[in-house]
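# Secondary and tertiary structure notes
Residues per chain are reported as follows:
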Amino acid sequence: MRVTDDRYNRDRLRLEIALRLIGHEARTQTIRRWTGLSDDRIRKLVRSYIRPGAGVRRHRGKSPQQVGFFLRGGSDDAHALAAMLLLFGVVPPRPAAARTPDGAPSPLPSLARGRQMCEAYETYRRVVPQARIDFEHAVFLAIALNAADQIRLRWCHSCDAANITEHSALRVPPCRACGAALRDTVTMGPDH
Ligand SMILES: [Zn+2]
């Protein structure tokens, strides 16, 4: 019975997360990666649950791959979203925690992380009045901050605010909240 219950709960969670992702206009490949559902099953879900004219669009093509927006024009939005990603555990508070004990980056897309990702994104949409980051870009930000190879979080010495910074920047900018120096987390983790 126990196994059946677990399986039932897991299937239900999978469906719940998939529907939330569809509602956020996530691409099929994103839904597949985070829920493990097949493309065929996802297409059927979209057909059964999304009424034409419900305002949910389906995006095709490649997922976002440019981090520039988070550093420049969309920086305020990106920081609000990064705070939510931290709060809901999608992004670890320190880079070292993003790695498994054997040193490999943690596999981000999973059912549990999918739920945290939805919670973080939905909270971001509630607290930022004119939210400019769509769900696909939010997923991209979460993956980029976890990988920490293009952009990473650095913490302020003074106010402890999390700042999104370019990994390759020659000079680390000051804290965007108070102007104090940022901790260079590159030297903090045990794996560096
Ligand atoms: Zn600060």
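Residues numbered from 1 in each chain as written. Predicted model: local features only at pLDDT ≥ 70, side-chain atom pairs only at ≥ 80, totals over all residues. Heavy atoms only, no water.

### Concerning unusual backbone geometry
Phi is positive for A148, which is not a glycine, with a value near 55°. Assignment of secondary structure puts A148 in the loop between α7 (135-147) and β1 (151-155). Phi at D160 takes a positive value of approximately 70°, unusual for a residue other than glycine. (Helix = DSSP H or I, 4+ residues; strand = E, 2+ residues; numbered from the N terminus.)

### Thoughts on the nonpolar core
Core analysis: the largest hydrophobic core is formed by 43 residues, its most contacted members being L85, M117 and L141. The greatest single-element share of this core, amounting to eight residues, is contributed by α7. Looking at this core, you find at least three residues from each of domain 1 (2-49) and domain 2 (68-187). Sequence-distant contacts of M117, that is, excluding residues within four places in its chain, are made with W34, L85, V90, F135, A138, V139 and A142. (Core = buried A, V, L, I, M, F, W, Y, C linked by side-chain atoms within 4.5 Å. Buried < 20%, exposed > 50% of the residue type's maximum accessible area, 1.4 Å probe, protein only. Domains from an automatic or database assignment. Contact = heavy atoms within 4.5 Å.)

### Examining the coordination of the zinc ion
Around the zinc ion, the protein contributes the donor atoms C156 (SG), C159 (SG), C175 (SG) and C178 (SG), at 2.3 Å from the metal centre. Viewed at the metal, the four donor atoms of the zinc ion are separated by angles of 99 to 117°, and the geometry they form is tetrahedral. Donor residues for the zinc ion, ordered by position in the chain, follow C-x2-C-x15-C-x2-C. Since its relative accessible area comes to 0%, C156 is described here as buried. (Donors = N, O, S within 2.8 Å, 3.2 Å for Na, K, Ca; no water. Tetrahedral: all angles 85-135°; square planar, octahedral: opposite > 155°, others 65-115°.)

### With respect to the packing of aromatic side chains
Aromatic ring pairs are defined here through the distance separating the ring centres and the angle between the ring planes. The full count for this structure, using the stated rule, is four aromatic pairs. Measuring from ring centre to ring centre gives 5.7 Å for Y121 and Y124, while their planes differ by 40°; the resulting arrangement is tilted. Here the residue Y121 and the residue Y124 both occupy positions in helix α6 (residues 111-127), the gap between them amounting to three residues, near one helical turn. Considered together, Y121 and Y124 belong to a single accessibility category, that of buried residues. Relative to F135, the ring of Y121 has its centre 5.2 Å away and its plane inclined at 85°; by these criteria the two rings are edge-to-face. You can see Y121 sitting in helix α6 and its partner F135 sitting in helix α7, a full 14 residues away along the chain. (Phe/Tyr/Trp six-rings, centres within 6.5 Å; stacked < 30°, edge-to-face > 60°.)

### What about the environment of F140?
On the secondary structure map, F140 appears in helix α7. Look at F140 and you get buried, because its relative accessible area is 13%. Along the primary structure F140 and Q65 are separated by 75 residues, whereas in three dimensions their C-alpha atoms are 7.0 Å apart.

### Description of the pattern of salt bridges
According to the stated counting rule, one finds nine salt bridges in the structure shown. Linking R20 and E122 is a salt bridge whose minimum nitrogen-to-oxygen distance equals 2.9 Å. Taken together, the residues R20 in helix α1 (residues 2-23) and E122 in helix α6 connect sequence positions 102 residues apart. Take R20 and E122: they sit in the same class, and that class is buried. The salt bridge involving D39 is made with R32; its shortest N-O contact spans 2.7 Å. According to the relative accessible area criterion, R32 is partly exposed, its value standing at 36%. One continuous salt-bridge network, built from bridges that share partners, spans E16, R20, R115, E119 and E122. (Salt bridge = Lys/Arg side-chain N within 4 Å of Asp/Glu carboxyl O.)

### Considerations on α7
Taking 1.5 Å as the rise per residue, α7 with 13 residues should run 18 Å; its terminal C-alpha atoms sit 18 Å apart, in good agreement. For α7, a buried count of ten out of 13 residues is recorded, marking the element as mostly surrounded by other parts of the structure. Within α7, burial applies to F135, E136, A138, V139, F140, L141, A142, A144, L145 and N146. Directly beyond the C-terminal end of α7, a positive phi value near 55° is found at A148. (Expected span 1.5 Å × (residues − 1).)

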